[in-house]
Amino acid sequence: MSLNRSEQQVFDYVQRHADERHYWLAKVQTIAAAWPDIHVAARRLEPELWRYYQERSAVVPAFREAVRREGSQRTSMKNLAEHLLRLWVAPRPKPPAAPPLPA
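**Some details on the packing of aromatic side chains**
Working step 1: Per the stated rule, a full pass over the model turns up 5 aromatic pairs.
Working step 2: Where Tyr 13 meets Phe 63, the ring centres are 5.3 Å apart and the plane angle is 90°; that geometry is what we call edge-to-face. Taken as a pair, Tyr 13 in helix α1 (residues 5-16) and Phe 63 in helix α4 (residues 61-70) lie far apart in primary sequence, 50 residues in all. Each member of the pair, Tyr 13 as well as Phe 63, carries the same accessibility label: buried.
Working step 3: Measuring from centroid to centroid gives 5.4 Å for Tyr 23 and Trp 24, while their planes differ by 90°, and the two rings are edge-to-face.
Working step 4: Among the residues examined, Trp 24 registers a relative accessible area of 2% and is labelled buried.
Working step 5: Across the ring face of Trp 35, the terminal group of Arg 44 is positioned such that the distance to the ring centre comes to 4.1 Å.

Reading the values: the criteria
Residues numbered from 1 in each chain as written. Predicted model: local features only at pLDDT ≥ 70, side-chain atom pairs only at ≥ 80, totals over all residues. Heavy atoms only, no water. Phe/Tyr/Trp six-rings, centres within 6.5 Å; stacked < 30°, edge-to-face > 60°. Helix = DSSP H or I, 4+ residues; strand = E, 2+ residues; numbered from the N terminus. Buried < 20%, exposed > 50% of the residue type's maximum accessible area, 1.4 Å probe, protein only. Lys NZ or Arg CZ within 6 Å of the ring centre and 35° of its normal.

As structure tokens, then:
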């Protein structure tokens, strides 16, 4: 999984700050429970991660510096959303295979 710079910055920040990690862990698991399709869950989570990046860029110097250097244009957080879902949500069991059709 390859994360862009903004995604990596959010991931690293969340990993370093336990209170933020707990918040995002609960949010990711709540979204995953509400949207069982992992792709739909990622689409629901992605804009929230972007809003979080914007909010952090107003108060955290490292985020503020990144925005100053790279600009504040919208950046995808889809890979990060998918990564967090894989890390923090138990894999769903695959449905049983259909029995073979009689010949």
